[in-house]
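A look at the structure
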Amino acid sequence: MTDDQMQSLLTSIIEMKNNLERMAEKQEEMISDVKEIKKAVYDPDEGLYARLKALETWKDSMSNVIWTIGTGFIGLLLNTLYQNLGG
């Protein structure tokens, strides 16, 4: 091998080493980001699933309240009509 070829080979190896180091740094960043996402989704107290469960529970209870109020309103309306028309 000539000196130029050796120098070119050495330069290529150094570039590959630098690229691998950058890839390792980016991979560490990705691991950190994935851990944060996993915590945001699966945290039992404040994660996405916990929030969805709380929202579904609230929705169910509000549905029951709305049906109760609606039924009471209709009952009052029918009672008023009965008293005014029939009584």
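Residues numbered from 1 in each chain as written. Predicted model: local features only at pLDDT ≥ 70, side-chain atom pairs only at ≥ 80, totals over all residues. Heavy atoms only, no water.

**Regarding the overall build of the protein**
Helices and strands together make up the secondary structure of the protein, namely two helices and zero strands. Taking the principal axes of its C-alpha atoms as reference, the protein extends roughly 115 × 25 × 10 Å. Within the protein, buried positions represent 2% of all 87 residues. Summed over all atoms, the accessible surface of the protein reaches about 8400 Å², with 63% contributed by carbon and sulfur. The averaged location of the 14 negative side-chain charges in the protein is 8 Å from the averaged location of its 9 positive side-chain charges. (Helix = DSSP H or I, 4+ residues; strand = E, 2+ residues; numbered from the N terminus. Buried < 20%, exposed > 50% of the residue type's maximum accessible area, 1.4 Å probe, protein only. Areas by Shrake-Rupley, 256 points an atom, 1.4 Å probe, with all protein chains shown as cover. Lys, Arg positive; Asp, Glu negative; His and termini not counted. Charge placed at Lys NZ, Arg CZ, Asp CG, Glu CD.)

**Let's talk about the packing of aromatic side chains**
Going through the model one piece at a time under the given rule, you end up with one aromatic pair. Centroid distance Tyr42 to Tyr49: 5.5 Å. Interplanar angle 40°. Geometry classified as tilted. Overall, Tyr49 belongs to the partly exposed group, its relative accessible area being 48%. (Phe/Tyr/Trp six-rings, centres within 6.5 Å; stacked < 30°, edge-to-face > 60°.)

**Observations regarding a nonpolar patch on the surface**
Together, Tyr42, Leu48, Tyr49, Leu52, Leu55, Trp58, Met62, Val65, Ile66 and Ile69 give the surface a local cluster of nonpolar side chains, amounting to about 1000 Å² of exposed area. For the nonpolar patch, the element with the highest residue contribution is helix α2 (residues 48–86), accounting for nine residues. Assignment of secondary structure puts Ile66 in helix α2. Residue Ile66 is classed as exposed on the basis of its relative accessible area of 58%. (Patch = residues over 30% accessible without salt bridge, like charges linked within 9 Å, V, L, I, M, F, W, Y side chains within 5 Å. Salt bridge = Lys/Arg side-chain N within 4 Å of Asp/Glu carboxyl O.)

**Side note on α2**
Compared with an ideal rise of 1.5 Å per residue, which puts 39 residues at 57 Å, α2 spans 56 Å between its outermost C-alpha atoms and is within 8% of the ideal. Little of α2 sits out of view: just one of its 39 residues are buried. (Expected span 1.5 Å × (residues − 1).)

**What to know about the pattern of salt bridges**
If you walk through the whole model with that rule in mind, you get one salt bridge. Here Lys17 makes a salt bridge to Glu21, at a shortest N to O gap of 3.3 Å. Placement of the pair is Lys17 and Glu21 together in helix α1 (residues 3–42), with a separation of four residues, close to one helical turn. Given the relative accessible area of 49%, Lys17 is considered partly exposed.

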